[in-house]
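Letter by letter, the chains look like this.
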Amino acid sequence: MAVDHDGGGTSSESELSDSLKTFGAVLKALREESGLTQEEFAVRVQYSHAYIAKIEQGKRFPPTDLPSRAEEALGTVAVKVLTAAARSLTRRAGLASWFRQWAGIEEEAISLYAYECRAVPGLLQPEGYARAVFERQLPPFTEEQIDRQVAARLERQALLTERPNTAFTFIIEQAVLKRRVGGSSVTRDVIDHLLSIGKRTNIEIQVMPLQQEDHCGVDGQLYLAETPGHRWFGYTEGHRSSTLIADPGEVSVLNQRYGKLRSQALDCRATVNLLEQMRGAL
């Protein structure tokens, strides 16, 4: 299944936010009625405590299988209520909902692959780069909106340290770094950050060189995630649109392409050498 949604306006975002908060309140009430703490409920449904907390706070789109997982913990009647609330939420979902659903998959992933040809992946952006990206959005963001977007992006990056058993792999086009978004000092910070975070045992960073005649990533960026249940999802973005890909056949195609991209990019050691050379030239 691939689902595309065009970007909505402020009213749809506000409606979605209110709907997420309502769903979270329903889940919290049902959980408390069953006498379960967030930690106990998280164990029962096999999601992390942090993820359940964000769903109850209205900050994350609930996974589609949450009602079925919750039946043993909450009971049949409660699950019917939760399912109805989830259906209502899905009918109102727009672009932000699909990103929030991907963010939830991302948080629980045991493997996460990213290929970026447009910008440094959000999970790897230092604050200065993230701010530079949002400052260049059109229509322009207000300072408050920029601060909120930067804060949210930095919060997501906690995944890299909070999930040491998740295998993260990033492929970044060299052209993205050569572009120097935000200027030389910001680019220097980006390279320093990539060199530092790439030392973690669960993180691999590869750069795709400027010249690669066999490049198979011409269709654009792609993300892949493997859930704890060993199901794979794909995710892509375009101008004011996004696609969450769940069909196994389509995800298989993306996995094949990503495997080829890994073989075409510089290996991790060669990537470090290139990044150090690029930093020295700034």
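In the contact formed by helix 11 (residues 184-197) and helix 13 (residues 268-280), the axes pass within 10 Å of each other and the chain directions differ by 155°. Of the possible angle classes, the one that applies to helix 11 and helix 13 is roughly antiparallel. In this structure, helix 11 meets helix 13 at a crossing whose hand is left-handed. Residue-level contacts link Arg 188, Ile 191, Asp 192, Leu 194 and Leu 195 of helix 11 to Val 272, Leu 275, Glu 276, Met 278 and Arg 279 of helix 13. Its residues placed into classes, the contact of helix 11 with helix 13 shows 6 nonpolar, no polar and 4 charged.

Turning our attention to the environment of Gln 57. Tracing the sequence through the fold places Gln 57 in the loop between helix 3 (49-56) and helix 4 (66-74). Accessibility expressed as a relative area gives 43% for Gln 57, which makes it partly exposed. Between the C-alpha atoms of Gln 57 and Leu 20, which are 37 residues apart in sequence, the distance is 8.1 Å.

What follows concerns helix 2 (residues 38-45). Taken residue by residue, helix 2 has Gln 38, Phe 41, Ala 42 and Val 45 as its buried positions. Down the axis of helix 2, the sector holding all buried residues measures 105°, keeping them to one side. Positive backbone phi, at 60°, marks Gln 46, one or two positions downstream of helix 2.

Attention now goes to the environment of Arg 60. Here Arg 60 shows up in the loop between helix 3 and helix 4. For the pair Arg 60 and Lys 21, spaced 39 residues apart in the sequence, the C-alpha separation amounts to 9.2 Å. A polar contact of 2.7 Å, which involves the side chain of Arg 60, links it to the side chain of Glu 107.

Counting residues in hydrophobic clusters, the biggest one holds 38 residues, and the most contacted among them are Trp 102, Leu 124, Tyr 129, Phe 168, Phe 170, Leu 194 and Ile 205. No other element matches helix 11, which puts 6 residues into this core. If near-sequence neighbours (up to four positions away) are discounted, Phe 168 is found in contact with Leu 112, Leu 123, Leu 159, Leu 160, Arg 163, Asn 202, Ile 203 and Glu 204. Within the second largest apolar cluster, 19 residues are counted, among which are Leu 27, Phe 41, Val 45 and Ala 78.

Moving on to the side chain of Lys 54. Within the secondary structure, Lys 54 is located in helix 3. Residue Lys 54 is classed as buried on the basis of its relative accessible area of 17%. Setting aside residues no more than four positions away along its own chain, Lys 54 makes contact with Lys 59, Arg 60, Glu 107 and Glu 155.

About the cut-offs
- Note on numbering: residues in each chain are counted from 1, in written sequence order.
- Local features in this predicted model are restricted to residues whose pLDDT is 70 or higher, and side-chain atom pairs enter the listing and the counts only when it is 80 or higher, whereas totals over whole chains, interfaces and linings include all residues.
- Each side-chain value is worked out from all heavy atoms of the structure, with water and hydrogens disregarded.
- Only the contacting stretch of a helix is used when fitting its axis, a line to C-alpha atoms as for every element, and angles between N-to-C directions run 0 to 180 degrees.
- What counts as a helix is a DSSP run of H or I of at least four residues, what counts as a strand is a run of E of at least two, and both are numbered from the N terminus.
- Each angle is binned into one of four classes, with values under 35 degrees roughly parallel, values over 145 roughly antiparallel, values of 65 to 115 roughly perpendicular, and all other values oblique.
- Helix crossings fall into two classes, left-handed where the near helix is turned counterclockwise from the far one by less than a right angle and right-handed where it is turned clockwise.
- Residue contacts are defined here by distance: any two heavy atoms, one from each residue, within 4.5 Å place the two residues in contact.
- When residues are sorted by character, Ala, Val, Leu, Ile, Met, Phe, Trp, Tyr, Cys and Pro go into the nonpolar class, Asp, Glu, Lys and Arg into the charged class, and all the rest, Gly among them, into the polar class.
- Throughout this description, buried means an accessible area under 20% of the type-specific maximum (1.4 Å probe, protein chains only), exposed means over 50%, and partly exposed covers the range between.
- The directions considered for the arc run from the helix axis to the C-beta atoms.
- In the analysis that follows, any N or O atom pair within 3.5 Å is treated as a polar contact, provided that within protein one partner can donate a hydrogen and the other can accept it, and provided that, for residues neighboring in sequence, both atoms belong to side chains.
- In these notes, a set of buried Ala, Val, Leu, Ile, Met, Phe, Trp, Tyr and Cys residues joined through side-chain atoms within 4.5 Å is what counts as a nonpolar core.

Geometric descriptors of this kind do not, in isolation, establish any biological role.
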